Amino acid sequence: MTTAEQVLDAPLGRHGDAPLGRHSEAPAPRPRTPAKVAQTVTLRPAAPSGVTGIWPTGLLASAAWLALGLLTLLWPNKAVGFSDWAFTEEFGIATLVVAALLLAVALLGARAAKVSHTLRPAGQWLVALAAVFAVWEVATAKLGVLPSPFFAPPQSLIDVLHEDWQRLGLSTAYSLRLLANGFVLGALVGFFTGVSIGWSRIAGYWVHPLLRFLGPVPASALLPLAFFFAPSSYVAAVFLVGLATFFPVAVLTWSGVASVHKSYYDVARTLGASERFLVLRVAIPAALPQVFVGLFMGLGASFSVLITAEMMGVKAGLGWYLQWAQGWAAYANMYAALFVMAALCSGLITLLFKVRDRVLSWQKGTVKW
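A quick note: this is a predicted structure, and the numbers were derived from the prediction, not measured. (Residues numbered from 1 in each chain as written. Predicted model: local features only at pLDDT ≥ 70, side-chain atom pairs only at ≥ 80, totals over all residues. Heavy atoms only, no water.)

### Digging into the pattern of salt bridges
Summed over all chains, the structure comprises three salt bridges. Two residues, Asp-164 and Arg-167, come together in a salt bridge whose shortest N-O distance is 2.7 Å. A salt bridge links Arg-356 to Asp-357; the nearest nitrogen and oxygen atoms lie 2.6 Å apart. Using a relative accessible area of 12% as the deciding quantity, one classes Arg-356 as buried. Assessed through its relative accessible area of 41%, Asp-357 is described here as partly exposed. (Salt bridge = Lys/Arg side-chain N within 4 Å of Asp/Glu carboxyl O. Buried < 20%, exposed > 50% of the residue type's maximum accessible area, 1.4 Å probe, protein only.)

Structure below.
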């Protein structure tokens, strides 16, 4: 038996530190280091970063919303004609409820960690929003500096939602359907066109000049032609929304495919990849970040064209609702429709961000935009 085998086969000491020889003594127990002692201590999970203690900005936001509520309830409105603004009391009570909720979140600290973690980044915006509502309320309902009916106070939006929610909701649903059809159609055609131009020299030779010549033309400029040639106003609106989405998606997809590094293709060909594999598994995944940039740009362009198309010929939708409210001098309804448009567009952009983060999760850390 070799010396190494004898050492391995020798019995271990009391603490398993080293083999004991025939004349060796058991080593003295080693003192436990502070690091090992710390490892045996069970620590409680820490609260999320930035949510411990009282939230000062939350206290300020609570005070701002409390002031808005007291201003709304205690300052009498300036009567318009023979009527007063409806839902003034309800608006004041709602602002007081918001103030109470913000105060609770600000004082609870770590005990309301989830809610506080969501609200704290928007703390200054909560203060500013209360200030904007206060100025709006004073300038319209309290002093009448902004003349009626062209300007309406915040509580008039509650009145519109209470009295006309069915027509407004139906218009929102029609706009969503039109936007979905046009945006999906334009995004698909633009994506395949961009991939074709970026991959094929023949497609690039024939399609690229047309894209550069016709692409920059605003889709709204083609309204008369679209409504003349299309079989219906709805088909014309879908075509215009799709056209507004098509150009940015096609250009940025083409740019993304064309900018893929040649070494990626060389490595894949060395491993025996086919042309289809190169397109589907190399070119398109590498171009996806720029494809999503095109989708974001196309969404903004398609939304503006959507409203214009609905004002021109479509018989339903938010654009039609805006024109109807303006025709009847129902400016409160017009402001409510504008708020719905802003919320709808913001929600769609947020949803597209979620889809991008899910699709590009394998590129996390490399894509920064």
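### Quick word on the packing of aromatic side chains
A full pass over the atoms with the stated rule returns twelve aromatic pairs. Each ring, one from Tyr-205 and one from Trp-206, has its centre 5.2 Å from the other, and the planes form 90°; the classification is edge-to-face. Here Tyr-205 falls in the exposed class, since its relative accessible area comes to 59%. Aromatic pair Phe-296 and Phe-353: ring centres 4.5 Å apart, planes at 45°, arrangement tilted. One end of the pair, Phe-296, is in helix α13 (residues 275-312); the other, Phe-353, is in helix α15 (residues 331-359), with 57 residues separating them in the sequence. Among the aromatic residues, those joined into a cluster by ring pairs are Trp-65, Phe-91, Phe-133, Trp-136 and Phe-339. (Phe/Tyr/Trp six-rings, centres within 6.5 Å; stacked < 30°, edge-to-face > 60°. Helix = DSSP H or I, 4+ residues; strand = E, 2+ residues; numbered from the N terminus.)

### Considerations on a nonpolar patch on the surface
The grouping of Leu-66, Leu-70, Leu-73, Leu-74, Ile-93, Val-97 and Leu-101 at the surface amounts to a nonpolar patch, some 630 Å² of accessible area in total. Those elements giving two or more residues to the nonpolar patch turn out to be α3 (56-74) and α4 (88-108). The element that contributes the greatest number of residues to the nonpolar patch is α3, accounting for four residues. Mapped onto the fold, Ile-93 is located in helix α4. (Patch = residues over 30% accessible without salt bridge, like charges linked within 9 Å, V, L, I, M, F, W, Y side chains within 5 Å. Areas by Shrake-Rupley, 256 points an atom, 1.4 Å probe, with all protein chains shown as cover.)

### Concerning helix α11 (residues 233-258)
Compared with the 38 Å implied by 1.5 Å per residue over 26 residues, the 37 Å span of α11 between its first and last C-alpha is a close match. Of all the bends found along α11, the most pronounced is centred on Phe-246 and spans about 25°, while Pro-248, a proline, follows it within four residues. (Expected span 1.5 Å × (residues − 1). Bend = angle between axes of the 7 residues up to and from the residue.)

### Focus: the packing of helix α12 (residues 262-270) against α13
One can describe the packing of α12 onto α13 by two numbers: an axis separation of 11 Å at closest approach and a directional angle of 135°. Compared by their axis directions, α12 and α13 come out oblique. Between α12 and α13 lies a crossing whose hand is right-handed. Across the interface between the two elements, Tyr-264, Tyr-265, Ala-268 and Arg-269 from α12 touch Glu-275, Leu-278, Val-282 and Ala-283 from α13. For the contact of α12 with α13, the per-class residue count stands at six nonpolar, no polar and two charged. (Axes fitted to C-alpha atoms, helices over the stretch in contact; angles between N-to-C directions. Parallel < 35°, antiparallel > 145°, perpendicular 65-115°, else oblique. Left-handed = near helix turned anticlockwise from the far one by under 90°. Contact = heavy atoms within 4.5 Å. Nonpolar A, V, L, I, M, F, W, Y, C, P; charged D, E, K, R; others polar.)

### A word on helix α6 (residues 123-142)
For α6, built from 20 residues, the straight-helix expectation of 28 Å at 1.5 Å per residue is met to within 8% by its first-to-last C-alpha distance of 27 Å. Gly-144 lies just past α6 and shows a positive phi near 70°.

### Concerning unusual backbone geometry
Of note in this structure, Phe-87 is not a glycine but carries a positive phi near 65°. Position of Phe-87 relative to the elements: it lies in the loop between α3 and α4. Backbone geometry places Ala-329, a non-glycine residue, at a positive phi of 55°. Looking at where Ala-329 falls in the secondary structure, it is placed in the loop between α14 (318-327) and α15. By relative accessible area, which is 38% here, Ala-329 ends up partly exposed.

### Observations regarding the nonpolar core
Within the largest apolar cluster, 76 residues are counted, with the highest numbers of intra-cluster contacts made by Trp-65, Leu-295 and Phe-303. Non-local contacts of Phe-303, meaning those with residues more than four positions away in its chain, are made with Leu-179, Met-341, Leu-344 and Cys-345. (Core = buried A, V, L, I, M, F, W, Y, C linked by side-chain atoms within 4.5 Å.)

### Side note on the side chain of Thr-193
Within the secondary structure, Thr-193 is located in helix α8 (residues 165-199). In this structure the side chain of Thr-193 is engaged in a polar contact, spanning 2.7 Å, whose partner is the backbone oxygen of Val-189. With near-sequence residues (within four places) excluded, Thr-193 lies in contact with Val-207, Phe-246 and Ala-250. (Polar contact = N/O pair within 3.5 Å; in protein donor to acceptor, adjacent residues only side chain to side chain.)

### Description of the side chain of Thr-140
Position of Thr-140 relative to the elements: it lies in helix α6. With relative accessibility at 5%, the residue Thr-140 sits in the buried group. When neighbours within four sequence positions are excluded, Thr-140 is seen to be in contact with Trp-85, Leu-146, Phe-151, Ala-152, Pro-153 and Pro-154.

### Remarks on the environment of Pro-224
Considering the arrangement of structural elements, one finds Pro-224 in helix α10 (residues 223-229). For Pro-224, a relative accessible area of 60% corresponds to the exposed category. Residues Pro-224 and Met-312 lie 88 residues apart in sequence; the distance between their C-alpha atoms is 9.5 Å.

### Digging into the confidence of the model for the protein chain
Per-residue confidence for the protein chain gives a mean pLDDT of 82, with 83% of residues at or over 70. Ignoring residues within four places in sequence, the model shows residues 1-26, a span with pLDDT below 50, making 19 contacts including any to other chains. This model gives residues 33-47 a pLDDT under 50, and the stretch forms four contacts once residues within four places in sequence are excluded. (pLDDT = per-residue confidence, 0-100.)

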